[in-house]
Amino acid sequence: SQKIKFKPVIGEKMNDLGFRLKDFLDEDEFDSLVSETGHILSRCTDPKLNQEQDVTHLTVGYVQSGKTLSFTALTALAADNGYRIVIYLAGTKNNLLSQTTKRLTKDLITSSSLNNAYKIFENPTESKILEIRNKLRLSSKPTVLITLLKHYDHINKLAEIFKSQPIKKELDKQGVLIIDDEADQASLNSYGRSNSKNVGDEEDETSATYDAILKLRAILPGNTYVQYTATPQANILISMQDILSPKSHTL
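What counts as what
- Residues numbered from 1 in each chain as written.
- Predicted model: local features only at pLDDT ≥ 70, side-chain atom pairs only at ≥ 80, totals over all residues.
- Heavy atoms only, no water.
- Helix = DSSP H or I, 4+ residues; strand = E, 2+ residues; numbered from the N terminus.
- Areas by Shrake-Rupley, 256 points an atom, 1.4 Å probe, with all protein chains shown as cover.
- Contact = heavy atoms within 4.5 Å.
- Patch = residues over 30% accessible without salt bridge, like charges linked within 9 Å, V, L, I, M, F, W, Y side chains within 5 Å.
- Salt bridge = Lys/Arg side-chain N within 4 Å of Asp/Glu carboxyl O.
- Lys, Arg positive; Asp, Glu negative; His and termini not counted.
- Charge placed at Lys NZ, Arg CZ, Asp CG, Glu CD.
- Buried < 20%, exposed > 50% of the residue type's maximum accessible area, 1.4 Å probe, protein only.
- pLDDT = per-residue confidence, 0-100.
- Expected span 1.5 Å × (residues − 1).
- Arc of directions from axis to C-beta.
- Core = buried A, V, L, I, M, F, W, Y, C linked by side-chain atoms within 4.5 Å.

1. Quick look at the overall build of the protein chain
Then comes step 1: Each helix and strand counted, the protein chain has nine helices and seven strands in total.
Then comes step 2: Carbon and sulfur atoms make up 50% of the accessible area of the protein chain, which amounts to about 12500 Å² in all.

Given below as C-alpha cells:
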C-alpha cells in the first residue's frame, strides 16, 4: 500500500536548497522536485513518533534523470522534518563515493546561509564517535550526513559506531534515513539468484554487504531505507518477506 505516514513541511533547509539551485532549475522544475520529494518523505517514518517499525521505500528514476538531485532534496526535506542522521550507501567504487560527498557538500553546505545545518562524514571510523555524538547533542540540531562505500567492511564499521555507548544513548527519536544509491547493485542478497554451490568471491561479497545492511538497520530502530534505482526489477522481485523489499514507491 502507498499509505502516507506523515505530512512533511517545507522549511528553511528545503527553501535554502531552492535558492542555491535557482541557476539550474526554473520555478516549475523546483516545484516538481519539491512535490516528488514530499511524496517520498511522506512514505517514510515520522521521526517525531518513536515508531519501532522500519520502512523500505523504492524510488525509480530513468538513468540521468536527476537521482542525486532527488536524494539531495530528500536530505534537505528530511532535515526540515526532524531527521538527524542520513546515511548514504554511495556506490561500490571510491570515485562514486567521493563524487557523492562532494556533491552533497556543494549543494547543501558550501557557503550556505544556514550555518552548520549539516555535518558530513565520509566512511567514518570509531575515531569519529565523539565528534558524531557531540553533533547529535547540539541544541541547534544539525543533521549528520554519513557517506559510505557500499561494502560490508565500511557498513559494519558504521554499525559498530552506532552500537557504541556514547551514540546509542543519543539515538532515541533522532530519525534515521538510509539512502541506497543504485540499490540494485551489491545490496540485494545474491544467494537468491545464484547456485550456492558455485558462489564466486563477488557474490560472497554481495551477500556479506546485504547482511551488513540488515545488521545496520537492526541497530537503528524505526529507520527508513530509501532505494534509488533506474532498474528496479531485482528490488521488486525479491521476496515480500525480505526486509529490503519495498512497501511503497515513487516514480
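2. As for the environment of Gly 175
Then comes step 1: For Gly 175, the position within the fold is in the loop between helix H7 (165–168) and strand S5 (176–181).
Then comes step 2: Setting aside residues up to four positions removed in sequence, Gly 175 forms contacts with Pro 47, Tyr 83, Arg 84 and Ile 85.

3. So, a negative patch on the surface
Then comes step 1: Judged by side-chain charge, Asp 26, Glu 27, Asp 28, Glu 29 and Asp 31 come together as a negatively charged surface patch.
Then comes step 2: Here Glu 27 falls in the exposed class, since its relative accessible area comes to 64%.

4. A few points about the confidence of the model for the protein chain
Then comes step 1: Scored by pLDDT, the protein chain has a mean of 83; 77% of the residues are at 70 or more.
Then comes step 2: Below pLDDT 50 for its whole length, residues 190–197 participates in nine contacts with residues either more than four positions away or in separate chains.

5. Notes on the environment of Lys 169
Then comes step 1: On the secondary structure map, Lys 169 appears in the loop between H7 and S5.
Then comes step 2: Note on Lys 169: relative accessible area 58%, which makes it exposed.

6. Looking at the pattern of salt bridges
Then comes step 1: According to the stated counting rule, one finds eight salt bridges in the structure shown.
Then comes step 2: Between Asp 107 and Lys 106 there is a salt bridge, and its shortest N-O distance comes to 3.5 Å.
Then comes step 3: Owing to a relative accessible area of 8%, Asp 107 belongs among the buried residues under this scheme.
Then comes step 4: The shortest N-O distance in the salt bridge between Asp 180 and Lys 150 comes to 2.7 Å. Taken as a pair, Asp 180 in strand S5 and Lys 150 in the loop between strand S4 (143–148) and helix H6 (152–163) lie far apart in primary sequence, 30 residues in all. Comparing Asp 180 with Lys 150 shows no difference in burial state: the two are buried.
Then comes step 5: The network of salt bridges with common partners includes Arg 103, Lys 106 and Asp 107.

7. Overview of helix H4 (residues 94–109)
Then comes step 1: Look at H4: 21 Å from first C-alpha to last across 16 residues, which is about the 22 Å you get at 1.5 Å a residue.
Then comes step 2: Of the residues making up H4, those classed as buried are Leu 97, Thr 100, Thr 101, Leu 104, Asp 107 and Leu 108. Projected down its long axis, H4 carries its buried residues within an arc of 150 degrees, all on one side. Pointing more than 90 degrees away from the buried face of H4 are the exposed residues Asn 94, Asn 95, Lys 102 and Lys 106.
Then comes step 3: Those residues of H4 that are buried are in contact with helix H1 (12–20), helix H3 (67–80), strand S2 (85–89), strand S3 (118–122) and S4.
Then comes step 4: In the stretch just after H4, Ser 111 is the one whose phi turns positive, near 40 degrees.

8. Description of the nonpolar core
Most often, soluble globular proteins have nonpolar side chains that are buried together.
Then comes step 1: In terms of nonpolar packing, the biggest core is built from 36 residues, with Leu 41, Leu 74, Tyr 88, Leu 177 and Ile 179 touching the most fellow members.
Then comes step 2: Those elements that provide at least two residues to this core are H1, helix H2 (27–42), H3, S2, H4, S3, S5 and strand S6 (224–229).
Then comes step 3: The element that contributes the greatest number of residues to this core is H3, accounting for eight residues.

9. Focus on unusual backbone geometry
Then comes step 1: Of note, the phi angle at Ser 111 is positive, near 40 degrees, even though the residue is not glycine.
Then comes step 2: As for its placement among the helices and strands, Ser 111 is situated in the loop between H4 and S3.
Then comes step 3: A positive phi angle is found at Asn 116, which is not glycine, with a value near 55 degrees.

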